[in-house]
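Results of the structural survey
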Amino acid sequence: MKPKYNFFKNTSYALKGIQFLFKETAFKIELCIIIPCLILSFFLPIGLIEHLLLIGVLFLILIAEAINTSIEACVNLVTMKWNKQAKIAKDCASSAVFFSILLATTVWLAILINAFKIIQL
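Let us look at the structure shown here. The shown structure was predicted, so the numbers you read here are calculated from the model rather than taken from an experiment.

Core analysis: the largest hydrophobic core is formed by 17 residues, its most contacted members being I34, L54, L58 and W108. At the level of secondary structure, the elements contributing two or more residues to this core comprise helix 2 (25-41), helix 3 (48-78) and helix 4 (84-116). The dominant element in this core, judged by the number of residues it contributes, is helix 3, at six residues. When sequence neighbours within four positions are dropped, the list of residues in contact with L54 reads S41, L44, I46, V107, W108 and I111.

What follows is the structure, encoded as structure tokens:
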């Protein structure tokens, strides 16, 4: 029998996940970059859509890191020995974080260039 949905219980699970993420070095490093960028975004001469896009791509990095961490934990649960399939799973999850950072960097550069008219197109 499937347990009943409980908003508060499920929220506590999410908060425990966030608490675990704060123990991860990569997550802490990303937060050290993301938090100042979030603050900076409020002072940029941009519209609402651009502002939401800047914030959205930063949160995408944190989402990708959370998924990466969960995949690594699952793989480690199955085996701590080197395994080709485990390496593929971990590397692909890591590449999701890399792609999210690449996307965020591209979006930030494009919006900053446009906001300050650094390059005339």
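With that out of the way, let us pick up the layout of surface pockets. Taking a probe equal in size to a water molecule and rolling it over the atoms shows the remaining empty space. Within this model, the largest pocket holds a volume of roughly 210 Å³. Surrounding the largest pocket, I29, E30, I33, I34, C37, L58, I61, I101, A104, T105 and W108 form its lining. Of all the secondary-structure elements, those providing two or more residues to the lining of the largest pocket are helix 2, helix 3 and helix 4. Among the elements that line the lining of the largest pocket, the one with the most residues is helix 2, at five residues. Classifying every residue of the lining of the largest pocket gives nine nonpolar, one polar and one charged.

The next subject is the side chain of E65. In this fold, E65 is placed in helix 3. Comment: no salt bridge for buried E65; closest opposite-charge side chain is K90, at 12 Å. Ignoring sequence-local partners within four residues, the contact set of E65 consists of L21, A26, F27, E30 and V97.

Looking now at the packing of aromatic side chains. Here a ring pair, both rings aromatic, is described through the centre-centre distance and the interplanar angle of the planes. Evaluation of the coordinates by the stated rule reveals three aromatic pairs. When the centroid spacing of 5.5 Å and the interplanar angle of 85° are considered together, the rings of F22 and F27 count as edge-to-face. Where F98 meets F99, the ring centres are 5.9 Å apart and the plane angle is 55°; that geometry is what we call tilted. Of the two residues, F98 and F99, both sit in the exposed class.

Each pair of packed helices can be summarised by the angle the axes make with each other and by the distance between the axes. At their nearest, the axes of helix 3 and helix 4 sit 9 Å apart, and the two run at 170° to each other. Comparing the axis directions of helix 3 and helix 4 gives the class roughly antiparallel. Residues belonging to the contact of helix 3 with helix 4 are distributed by class as follows: 20 nonpolar, four polar and four charged.

What counts and what doesn't
- Residues numbered from 1 in each chain as written.
- Predicted model: local features only at pLDDT ≥ 70, side-chain atom pairs only at ≥ 80, totals over all residues.
- Heavy atoms only, no water.
- Core = buried A, V, L, I, M, F, W, Y, C linked by side-chain atoms within 4.5 Å.
- Buried < 20%, exposed > 50% of the residue type's maximum accessible area, 1.4 Å probe, protein only.
- Helix = DSSP H or I, 4+ residues; strand = E, 2+ residues; numbered from the N terminus.
- Contact = heavy atoms within 4.5 Å.
- 1 Å grid on protein atoms, 1.4 Å probe; cavity = no way out; pocket = protein on both sides within 12 Å on 5 of 7 lines; lining within 4 Å.
- Points joined across faces, edges and corners; volume = space filled by probe spheres on them.
- Nonpolar A, V, L, I, M, F, W, Y, C, P; charged D, E, K, R; others polar.
- Lys, Arg positive; Asp, Glu negative; His and termini not counted.
- Salt bridge = Lys/Arg side-chain N within 4 Å of Asp/Glu carboxyl O.
- Phe/Tyr/Trp six-rings, centres within 6.5 Å; stacked < 30°, edge-to-face > 60°.
- Axes fitted to C-alpha atoms, helices over the stretch in contact; angles between N-to-C directions.
- Parallel < 35°, antiparallel > 145°, perpendicular 65-115°, else oblique.

All quantities given are derived from atomic positions and should not be read as evidence of function.
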